[in-house]
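Overview (structure and organization)
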Amino acid sequence: KNHQQEALGQAPTQGSPDLTHWTGLKMNQFHMPELVVDRHILGLHPVISLVCAGRTHSRLQYGAQDVSTRCETGDLMCYRGGMEISRAQWRAHDAVLLSVELDPARMLACEDGDTRLASPTLVGAPKFTDARLRALLLDLWHEVAAGCPRGRLYTDSVSLGLLAAPLRAATTNPDNRVLLA
């Protein structure tokens, strides 16, 4: 089986920042190959990905579902974690993705005693848009790429903002439950 830990470390974009000293959320930006076909993909934690450039078309089979999705620059995707994708096929055209793993251990740090995000409550979404979440992802990536000039407190704050984004989206607009069960 493929494991997410390996996936986020594969195929980094040329010129991406040195993440060896980064202690924040696992993240990576990478050029997506034109065709990827894989089976039995298992990621333990949720992952949110942003299509930074290009286009993708995916077909994923998990459980009894067979989902086909087209994404373009600016679209977001959320894998809920903790479930196996039995078959996956991605086609890409000049696609660059930025992926961030939402570690449940860090979700506990959002607010002392708040366990709403500590359990696997993300339902996932093959495609969605959220301007604030997109801005947070890009801001965090640019901060890391610049060597974290604003300091660790700033990057930890942006990381916590990323972790709380699904909860914020669901509670500020009850109709926007694309990510949170």
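Since we're looking at a predicted model, the values are computed, not measured. Within each chain, residues carry numbers counting from 1 in the order of the written sequence. Only residues with pLDDT of at least 70 are given local features in this predicted model, and only at 80 or more are side-chain atom pairs given and counted; all residues enter the totals for whole chains, interfaces and linings. Note: side-chain values were computed over all heavy atoms of the structure, leaving out hydrogens and water.

Turning next to the overall build of the protein chain. The secondary structure listing takes helices from DSSP runs of H or I that are at least 4 residues long and strands from runs of E that are at least 2 residues long, numbered from the N terminus. Across its full length, the protein chain carries 4 helices and 8 strands. In the protein chain, the order of α-helices and β-strands from amino to carboxyl end is β-α-β-β-β-β-β-β-α-β-α-α. Two residues qualify as a contact provided that any one of their heavy atoms is within 4.5 Å of a heavy atom in the partner residue. Here the analysis covers contacts within the protein chain between residues at least 6 apart in sequence; of these, 78% occur between residues at least 24 apart. For the area figures, the Shrake-Rupley method with a 1.4 Å probe applies, and any residue is considered shielded solely by the protein chains shown. For the protein chain, the accessible area works out to roughly 9,900 Å², and carbon and sulfur atoms hold 52% of it.

Attention now moves to the nonpolar core. Side-chain atoms within 4.5 Å link the members of a nonpolar core, which is a set of buried Ala, Val, Leu, Ile, Met, Phe, Trp, Tyr and Cys residues. Think of it in three bands: with a 1.4 Å probe and only protein chains considered, a residue is buried below 20% of the maximum accessible area for its type, exposed above 50%, and partly exposed in between. If you look at the biggest cluster of nonpolar residues, it comprises 20 residues, and the most contacted ones within it are M27, I48, L76, V100, L133, L137 and L162. Within the residue set of this core, elements represented by two or more residues are strand 4 (47-62), strand 6 (76-79), strand 7 (83-101), strand 8 (125-128), helix 3 (131-145) and helix 4 (152-172). When residues in this core are grouped by element, the largest group, 5 residues, is from helix 3. Residues F30, M32, M83 and A88 belong to the second largest nonpolar core, which totals 16 residues.

Phi at H40 takes a positive value of approximately 55°, unusual for a residue other than glycine. Take H40: it is sitting in strand 3 (residues 35-43). Using a relative accessible area of 38% as the deciding quantity, one classes H40 as partly exposed. In this model, D94 sits at a positive phi of 50°, which is unusual for a non-glycine residue. Tracing the backbone shows D94 in strand 7.

Remember, this is a structural readout, not a statement about activity or role.
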